[in-house]
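One-letter residues, chain by chain:
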Amino acid sequence: MTNLVLDILSWVLLCLGGGFVLIGGIGSLRLPGFYTRLHSASLTDTMATILIFTGIIIQAGFSLAAFKLLAIMVFLLITGPTASYALANAALQSGLKPDADALDESQADPKNPAEREDVE
Amino acid sequence: MNKRLGQQGAVGPLQLGGLFLLLLVSWLLWSGIYKPLLLWLGLFSCLLSVWLAKRMGFFDHTQSLTMRSLLRLPAYCWWLLVEVIKSSLAVARLVLSPSLPISPTVVELIATDESDVSKVILGNSITLSPGTVTIDVHEDRLLVHCLTKKGARDLLQQEALRRSSKRPGLD
Amino acid sequence: MYFVVSLAILVTMVLALVRALLGPSVYDRVLAVNMFGTKTVLLLSVIAFLFGRPDFLDLALAYALINLVGILAVLEFFQNHTRGTQEHEHD
């Protein structure tokens, strides 16, 4: 019984992970600009990694393979942001400007009309 | 980054031994072949890694990771996981919606009283949650690129919470 | 079921390759290659269980290590490259 529940849980996690991987891939094609694409890459790097590895770890049960998978997951989760930061910082240093507005003290001036149109 | 390379404080044998044991255990688990030659090679490479880490100044930055922060690690991980799930659902919705309603925003966080290690942890946690990426760390300010204005506001709110230590942190 | 997940990862790898070919700036390409690399690690881990060969996990870990070092090396190269040509523009 618990086996069945664990099986279903891991399949759900794996499918969700596959979905997030796909969404991240679509996002990296759809989003405009380098810095926004960085966000969709981080979607696949963190959420999909967590979901897929958790799914496989549940399938592996308590074994050496599960330990290895956990180690790979932790390694990916630590190095992913580091690589993202190195990439973003290299782009920034080379003079690639982010096409973004600065959030100018939204607390001090809450009725700023230019900002309100984006609030949903 | 290389500022502290030269100065090496007194490195406790506990830290050296801890890293050595960690490396040795991972070697034994990964190798799976227990012949004398391979065991000696493993021992040698572990010693080499510890020596290299000491030479790089790896231990100069670890003093702020105390027992207290280790005890806070589970709560912090749990909080981070919840944040990651929330923000990735938001980003997934943004990517899939046909009109692509993004509003890229850059905010600046000021982290004056943090040590180098806490700054790294803060920056990495921000980058880890989708929708926000740390793009520059300058002296004591972090430049963060957010996918939406709402995400930027949430980030500032979280930062205020962290400042008043109502949010799980590592230090 | 592993098959479906590996298919999704493969499709995303193709999308990342398309981005690497399209990418206007060199950083877009590096981003796509980084994405491709992390997806490879995921794919190797899934394949280890799809074919029931746990030794693929060691390959996945090795690939993760090589991917990180490779990306950092490429970035370092490009940064030095641009720093040489536009030294007056930034510090």
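Residues numbered from 1 in each chain as written. Chains lettered and ligands numbered in written order. Predicted model: local features only at pLDDT ≥ 70, side-chain atom pairs only at ≥ 80, totals over all residues. Heavy atoms only, no water.

1. A word on the overall build of chain A
Line of reasoning, step 1. Assigned secondary structure in chain A consists of four helices and one strand.
Line of reasoning, step 2. For chain A, the residues scored as buried account for 49% of the 120 residues in total.
Line of reasoning, step 3. Long-range contacts, defined as pairs at least 24 residues apart, comprise 59% of the intrachain contacts of chain A with a sequence gap of at least 6.
Line of reasoning, step 4. Surface exposure of chain A reaches about 5500 Å², of which carbon and sulfur atoms provide 65%. (Helix = DSSP H or I, 4+ residues; strand = E, 2+ residues; numbered from the N terminus. Buried < 20%, exposed > 50% of the residue type's maximum accessible area, 1.4 Å probe, protein only. Contact = heavy atoms within 4.5 Å. Areas by Shrake-Rupley, 256 points an atom, 1.4 Å probe, with all protein chains shown as cover.)

2. Structural notes on the interface of chain B and chain A
Line of reasoning, step 1. Taken together, the 41 residues of chain B in the interface contact 42 residues of chain A.
Line of reasoning, step 2. Across the chain B/chain A interface, buried area totals approximately 3500 Å², and carbon plus sulfur atoms make up 72% of it.
Line of reasoning, step 3. Viewed at the interface, chain A and chain B are joined by zero salt bridges.
Line of reasoning, step 4. For the side of chain B that touches chain A, the secondary-structure elements that each account for two or more residues are helix H1 (13-31), helix H3 (67-96), strand S1 (105-110), helix H4 (116-128), strand S2 (132-138), strand S3 (141-146) and helix H5 (149-163) of chain B.
Line of reasoning, step 5. Here the side of chain B that touches chain A takes nine residues from H3 of chain B, the largest share from any one element. (Buried area = accessible area lost by both parts, 1.4 Å probe. Salt bridge = Lys/Arg side-chain N within 4 Å of Asp/Glu carboxyl O.)

3. Re the packing of aromatic side chains
What characterises a pair of aromatic rings is the spacing of the ring centres plus the angle enclosed by the ring planes.
Line of reasoning, step 1. Scanning the model with the defined rule gives seven aromatic pairs over all chains in all.
Line of reasoning, step 2. Both rings, one in Tyr-2 of chain C and one in Phe-49 of chain C, keep their centres 6.3 Å apart while their planes meet at 50°; by these two values the pair is tilted. With a gap of 47 residues between them, Tyr-2 of chain C in helix H1 (residues 2-22) and Phe-49 of chain C in helix H2 (residues 26-50) connect regions that are remote in the sequence.
Line of reasoning, step 3. By relative accessible area, Tyr-2 of chain C is classed as buried at 11%.
Line of reasoning, step 4. Joined through ring pairs, the aromatic side chains of Trp-11 of chain A together with Tyr-2 and Phe-49 of chain C make up one cluster. (Phe/Tyr/Trp six-rings, centres within 6.5 Å; stacked < 30°, edge-to-face > 60°.)

4. Some points on the nonpolar core
Line of reasoning, step 1. Counting residues in each nonpolar core, the largest one holds 51 residues, and the members touching the most others are Phe-20, Ile-52, Phe-53 and Ile-72 of chain A together with Ile-9 and Val-46 of chain C.
Line of reasoning, step 2. Contributions of two or more residues to this core are made by helix H1 (2-30), helix H2 (34-60) and helix H3 (64-93) of chain A, H3 of chain B together with H1, H2 and helix H3 (56-85) of chain C.
Line of reasoning, step 3. If you tally residues by element for this core, the top one is H2 of chain A, at nine residues.
Line of reasoning, step 4. Sequence-distant contacts of Phe-53 of chain A, that is, excluding residues within four places in its chain, are made with Leu-69, Ile-72, Met-73 and Leu-76 of chain A together with Leu-42 and Ser-45 of chain C.
Line of reasoning, step 5. Counting residues in hydrophobic clusters, the runner-up holds 18 residues, among them Ala-41, Ala-88 and Ala-91 of chain A together with Leu-75 of chain C. (Core = buried A, V, L, I, M, F, W, Y, C linked by side-chain atoms within 4.5 Å.)

5. Description of the side chain of Thr-38 of chain C
Line of reasoning, step 1. Looking at the element boundaries, Thr-38 of chain C is found in helix H2.
Line of reasoning, step 2. At 3.0 Å, the side chain of Thr-38 of chain C forms a polar contact with the backbone oxygen of Met-35 of chain C.
Line of reasoning, step 3. With residues up to four places along the chain from it excluded, the contact list for Thr-38 of chain C reads Asp-45 and Leu-76 of chain A together with Asn-67 of chain C. (Polar contact = N/O pair within 3.5 Å; in protein donor to acceptor, adjacent residues only side chain to side chain.)

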